[in-house]
Every structure is written in C-alpha cells, then in structure tokens.
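Observations on the three-dimensional arrangement
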Amino acid sequence: MSEPYYITTAISYPNGRPHIGHAYEAIAADTIARFQRSMGRDVRFQTGTDEHGLKMAQAARARDIKPRALADEMSSYFKEMCDTLNISYDRFIRTSDADHHAASQAIWQAMEANGDLYLDRYEGWYSVRDEAFYDEKELTEGEGGQKLSPQGTPVEWTKEESWFFRLSRYQEPLLQLYRDQPDFIRPETRRNEIVSFVSGGLSDLSVSRTSFDWGVPVPGSPGHVMYVWVDALTNYLTGIGYPDRDAALAKYWPANLHLIGKDIVRFHTVYWPAFLMSAKVPLPRQVFGHGFLLNRGEKMSKSVGNVVDPMMMAERYGVDQLRYFLLREVSFGQDGSYSHEAIVNRANAELANSFGNLAQRTLSMIFKNLDGELPTLDRTEEDAALVRSVAAACLDETPRAFEQLAFSTGIEAWMKAVFACNQYVDAQAPWALRKTDPERMKTVLGTLFSVIRDLAIAILPVIPESAGKLLDQMGVAAEARDFAAIESQIWYDELRTSGYRVAQPVPLFPRLELETADT
Ligand code: MSP
C-alpha cells in the first residue's frame, strides 16, 4: 500500500480572469503532486475557485449580472488555465458545489456544538479586497485620510449583527501547535510573523454576514451567510468527503501540504487550525506561503495594466518552458520577477541548447549510425563515472530538494548533470569515433542514451509534456517512469533486446525569439 499524500492550492477568487500569479501556484503544486507520485505515493491533489463573499457580489453588481453567472464564467477560465498548463488535479472544486455547502454547514455545526459560536454585533474595519477584518492598530492612513489594511487595501467601517467564533480561546493552543510542529508554517520568516501576531493576543472573529446573501446559509439562523473564509477554508475537507469520516477523508486527511501565497498565511495558520481544533478534526501537517511573482520587480495590478496572462505566455513560449522558467528562476518562498528576456534566455540556454540538444544529438546519432539499434556496452571508468554522477543528481540531490520544495536548487543540480553529459559528448566526440573506433562509439552512445533516460525521468514533474515525449521516443514504458525505475539495473538490456529501435528524433524545444516590442 503506497503512502497517501494530500496537497492543495488556495482556491482563487473568480472575480476576474486568472493571472500569472495563479498559474505560478498551480504549477508549483502540480510539480509537487507529480513528484510525489513519481516517488510512489498515492497522491490526491485539489485546486479550484472560491466563489462566495462580498468581493464576488460587488464584482457581479458592477457588471449587472448575478454572482453565480460571474462565478460560472470566470471559474471556467481558471479550469481552462489548469488544463492548459497540465495541472494534474484530482478535483477542481467550486465552493458553489452542493457538497461544499453541506460540508461547510457540518463544520459550522461542529464548532457550534463545541460552544465556540455566539451571536453579537460586529463593529469594525473590513477590507472587501482581502475579505478580511482588521484591528484599528493594524491600519495605516493613505491618501485623503483613507484607512488602509496591512496589505494596502482600503477598509470600510462595518456594523451588523454577526455570529462570532471564540478565536480568543485558541491563542495558547495555537502557540502550542507552532512549538510542537515547527514545520507547520514554512518558510521560517512567515512562521515568525505568525508567532508574533498570535502572541500579541487574538480577538474573537466575526464569522457571518447579514448585509448580502451570496454565501453558504448559516444553519438555523435565517438572514445570515457564513463569512467567506469559513466556507473557503473548508473546501480542503469537502473534496475528500467531510463530514463522512469513512470516505477518502480517512485516507488523505490530515493534508500533507496547503500551498498558498504569503498574503493569506494568517487565514491558514491561525483561523483554519482554530476552526479545526474546535470541530475536532486533526490539523494539516504543513502550510507553505510562497512568494509573489512580480512583473519586472513591480506588483501586478489591473489599474497599472501590467497583469500578465498565463494563457498568452503558454501559447507564446510553450507550457513546459513557462513551467520550467517559473520554478527555475525564483527561489521558492521568496518573491520573484518575470520578464520576457528572462524566460527566453532561460528556455534557450537550458532547455533548447543544453538538454534538448543533448537528447537530439544522441538519438539522431544512434538513428543514423546504428540503424536505431541500442548497442551492447563495454564501459570504461569514464563512462561509469558519468553514470554515477547523473544517478547522484537524479536520485539524490534533485529529489531531496524537491521534497523540501526547493525547486530552483533541485533543477540546478539536474542542470549540472546535463552539463556533465554535454562535456562528456564533447570529450568523447562520438562523431569522430565513427571512423577511428566504432566499437567505442557504440558504448559512448549507449551510455548517453541511458543517462538521458535518467535525466528525463527526474525532470518529468517540472516539464511533463516534453520529458514525456522524449521518453516516448526512447521507448520507455509509461509505468517505468518513476524514481524507482531510475534504480533499475536491467532496463537498458531489456529495451535493447526487445526489438525497440530509435527513430529519427523530433526536436523537443524550439529556439525562442524575443520580439522587439517586449524589450
Ligand atoms: N480566495 C482566496 C484564497 C482562499 S484559500 C481557502 C484568495 N484568492 S486569490 O485569487 O486572491 O489568490 C489565490 C492564490 O494566488 C493565493 O494563494 C495568492 O497568494 C496567490 N497569488 C495572487 N497573486 C499572486 C502573485 N502575484 N504571485 C504569486 N501568487 C499570487 O486569496
């Protein structure tokens, strides 16, 4: 029985079309999901859209349509983005789904049964953009005296009857959680911020609204809908069958990883564990708050007009080029910058010139010089050294880094192995050996074929389509593409004797050009 692994992304507000920041999170989560499958785990992966709340209601009003119509339209773009980017989700959840309403009401009732909900009046500051309540002491003043949240978004004074969650009760249990499970919040800087926020004391949280009705109805309290974050966070349980504890829930909960952006760490590491403690549901193992993707160092915003469309990027540069670039360029956890030059340079230098060229040269020499037949090998120490160093990267350095979500470190180790292979090609010069020592040429080409397979399997979680196509061309069976397969000692001889022949290879990565308008 393989070990279960449950990973989720944040669910996005479908109040507009997805931007590159949403794509970034989906790509990172997908790479982890694919990586964990490749490690032999039984992965469950969930993403989706967060459709309730005032922000959605206001966005719909501005277009003079119903919130549900807005959600239906925009959610479909998020799903389309995921499908285009090869995001291998098991469920694309929409919080307007019927089972999600049932799960949200069930967690509400569980919190109520624990004595954590009471009716009172809310008076305080609310940011519609963040869908968040703030204390007076957290606010700053912007232009014209406008009060601003710590995220820089405008807040409004709000007064209404509301249900409250006794968050104040959970200060000590939360601090205990951060002590007992030091990896609960990553990276470290975000953990420190949260520990200091919670140490400063927690006020009870307003968890229902009466001034609009676009939300999950509060059970037994007509006129109240749940605060959008109560239902949004519950999506992680809905997707695995909550409140039915016999279903997938037993297998996949507690989640291994909630992957989210740094702006919503508080909701996931303060409110969510408190709700779960109250509802007597075990806590997730880890919340990772990744950094923001910036456009040439600047925050993307609709008003500045510098929002990058991931569909356009994927079409223009290729899905795998985009996936590779985002994970290679940015040190995961920190903010990172995007520019056309950077993606073109990275994809050309590393994917086209280094990895693509290595595969293309090797397969085409086998095709031309050996009639596509894999040779028997008579390896020297030099060949064996290359095989060992590639295996060390593919079986040790790269997966160890991926396990820690250190994508750029893992890819760098992989790239070093690619360079080592290219140096080996140059040093061995198989094209010259063709005349001087054809037997030696065979061993060199066969050795290259075997290390290229290892490299392709190791990078499959990052660039699934192109590495997959390469493995197809190499005759590697779909079920022999995981990390365990890299360790196999007999695959090469099995393939060699199976009658497989290398065909004329198809290039994997076309060279990208920078358009003058982009510079
Ligand atoms: N709906 C909430 C999340 C609820 S989770 C129970 C929300 N939605 S969002 O659409 O604003 O953001 C979705 C995810 O995208 C969040 O994790 C957010 O941090 C991330 N990003 C939004 N802009 C981003 C960048 N510019 N760069 C990287 N990630 C960004 O918050």
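Residues numbered from 1 in each chain as written. Predicted model: local features only at pLDDT ≥ 70, side-chain atom pairs only at ≥ 80, totals over all residues. Heavy atoms only, no water.

1. A look at the sheet that holds strand β13 (residues 257–261)
What the six strands build is an open sheet, ordered β3-β2-β1-β13-β14-β9; its pairing is parallel. The open sheet has two edge strands with one neighbour each: β3 (91–94) and β9 (185–186). (Pairing = 2+ DSSP bridges. Helix = DSSP H or I, 4+ residues; strand = E, 2+ residues; numbered from the N terminus.)

2. Points about the side chain of serine 339
Structurally, serine 339 can be placed in the loop between β16 (336–338) and α12 (340–369). In this structure serine 339 comes out as buried when scored by relative accessible area, which is 13%. Engagement of the side chain of serine 339 in a polar contact is seen with the backbone nitrogen of alanine 342, the distance being 3.2 Å. (Buried < 20%, exposed > 50% of the residue type's maximum accessible area, 1.4 Å probe, protein only. Polar contact = N/O pair within 3.5 Å; in protein donor to acceptor, adjacent residues only side chain to side chain.)

3. Some points on the pattern of salt bridges
Here the structure, examined in full by the defined rule, presents 32 salt bridges. In this structure, the salt-bridge partner of lysine 147 is glutamate 136, at a minimum N-O distance of 3.2 Å. Of this pair, lysine 147 sits in strand β7 (residues 147–148) while glutamate 136 sits in the loop between β5 (132–134) and β6 (140–141), and the two are eleven residues apart along the sequence. For glutamate 136, a relative accessible area of 46% corresponds to the partly exposed category. Its salt-bridge partner being glutamate 341, residue arginine 296 comes within 3.4 Å of it at the nearest N-O pair. (Salt bridge = Lys/Arg side-chain N within 4 Å of Asp/Glu carboxyl O.)

4. Thoughts on the site of the ligand
In the vicinity of the ligand, 25 residues are found, and the nearest of them are Ile11, Glu25, Asp50, Gly261 and Asp263. One of the backbone N or O atoms of glycine 261 is found 2.8 Å from an oxygen atom in the ligand. Aspartate 263 places a side-chain nitrogen or oxygen 2.5 Å from an oxygen atom of the ligand. Its free accessible area being 660 Å², the ligand has 93% of it covered by the protein chains. Ranked by the residues each element gives to the shell around the ligand, the list is headed by helix α7 (residues 228–238), at five residues. (Near = heavy atom within 4 Å. Areas by Shrake-Rupley, 256 points an atom, 1.4 Å probe, with all protein chains shown as cover.)

5. So, the packing of aromatic side chains
Tallied over the full model, the rule gives 31 aromatic pairs. Ring geometry for tryptophan 229 and phenylalanine 267: centres 3.8 Å apart, planes at 5°, overall stacked. Residue tryptophan 229 is found in helix α7, and its partner phenylalanine 267 is found in helix α9 (residues 265–279); the two are separated by 38 residues along the sequence. With respect to class, tryptophan 229 is no different from phenylalanine 267; both count as buried. With a centroid separation of 5.8 Å and an interplanar angle of 85°, the aromatic rings of tryptophan 491 and tyrosine 492 are classed as edge-to-face. Residue tyrosine 492 is classed as buried on the basis of its relative accessible area, which comes to 6%. An aromatic cluster of at least three residues, connected via ring pairs, comprises Tyr24, Phe35, Phe288, Phe332, Phe402, Phe407 and Phe483. A cation over an aromatic ring shows up here: arginine 209 above the ring of tyrosine 126, its NZ or CZ 4.5 Å from the ring centre. When the ring centre of phenylalanine 197 is taken as origin, the NZ or CZ atom of arginine 266, which lies over that ring, is 3.8 Å away. (Phe/Tyr/Trp six-rings, centres within 6.5 Å; stacked < 30°, edge-to-face > 60°. Lys NZ or Arg CZ within 6 Å of the ring centre and 35° of its normal.)

6. Digging into the domain arrangement of the chain
Each assigned domain of the chain is listed with its residue range as follows: domain 1 (4–291) and domain 2 (339–496). Here domain 1 and domain 2 have C-alpha centroids that lie 42 Å from each other. With 13 residues of domain 1 at the interface, the matching set in domain 2 holds 13 residues. Contact with domain 2 buries surface across domain 1, with Thr31, Phe35 and Ser38 losing the most and accounting together for 44% of the total. Across the contact surface, domain 1 and domain 2 share one salt bridge. A salt bridge links glutamate 403 to arginine 41, with the nearest nitrogen and oxygen atoms 3.4 Å apart. Inspection of the region where domain 1 meets domain 2 yields five residue pairs in polar contact (both at pLDDT 80 or more). Across the side of domain 1 that touches domain 2, the residue classes break down as six nonpolar, four polar and three charged. (Domains from an automatic or database assignment. Contact = heavy atoms within 4.5 Å. Buried area = accessible area lost by both parts, 1.4 Å probe. Nonpolar A, V, L, I, M, F, W, Y, C, P; charged D, E, K, R; others polar.)

7. Digging into the nonpolar core
For soluble globular proteins, the rule of thumb is that nonpolar side chains tend to be buried together. Counting residues in hydrophobic clusters, the biggest one holds 100 residues, and the most contacted among them are Ile7, Leu85, Leu322, Trp414, Phe449, Leu455 and Leu470. For this core, the two domains that each supply at least three residues are domain 1 (4–291) and domain 2 (339–496). Residues within four places of isoleucine 7 in sequence aside, it is in contact with Ala29, Ile32, Ala33, Val43, Arg44, Phe45, Gln46 and Leu257. Judged by nonpolar contacts, the second largest core, of 77 residues, contains Ile107, Trp108, Tyr236 and Phe275. (Core = buried A, V, L, I, M, F, W, Y, C linked by side-chain atoms within 4.5 Å.)

8. What to know about helix α1 (residues 20–38)
In this model, α1 (19 residues) spans 26 Å end to end at C-alpha, consistent with the 27 Å of a helix rising 1.5 Å per residue. Buried residues dominate α1, accounting for 16 of its 19 residues. Immediately beyond the C-terminal end of α1, within one or two residues, lies glycine 40, with a positive phi of roughly 95°. (Expected span 1.5 Å × (residues − 1).)

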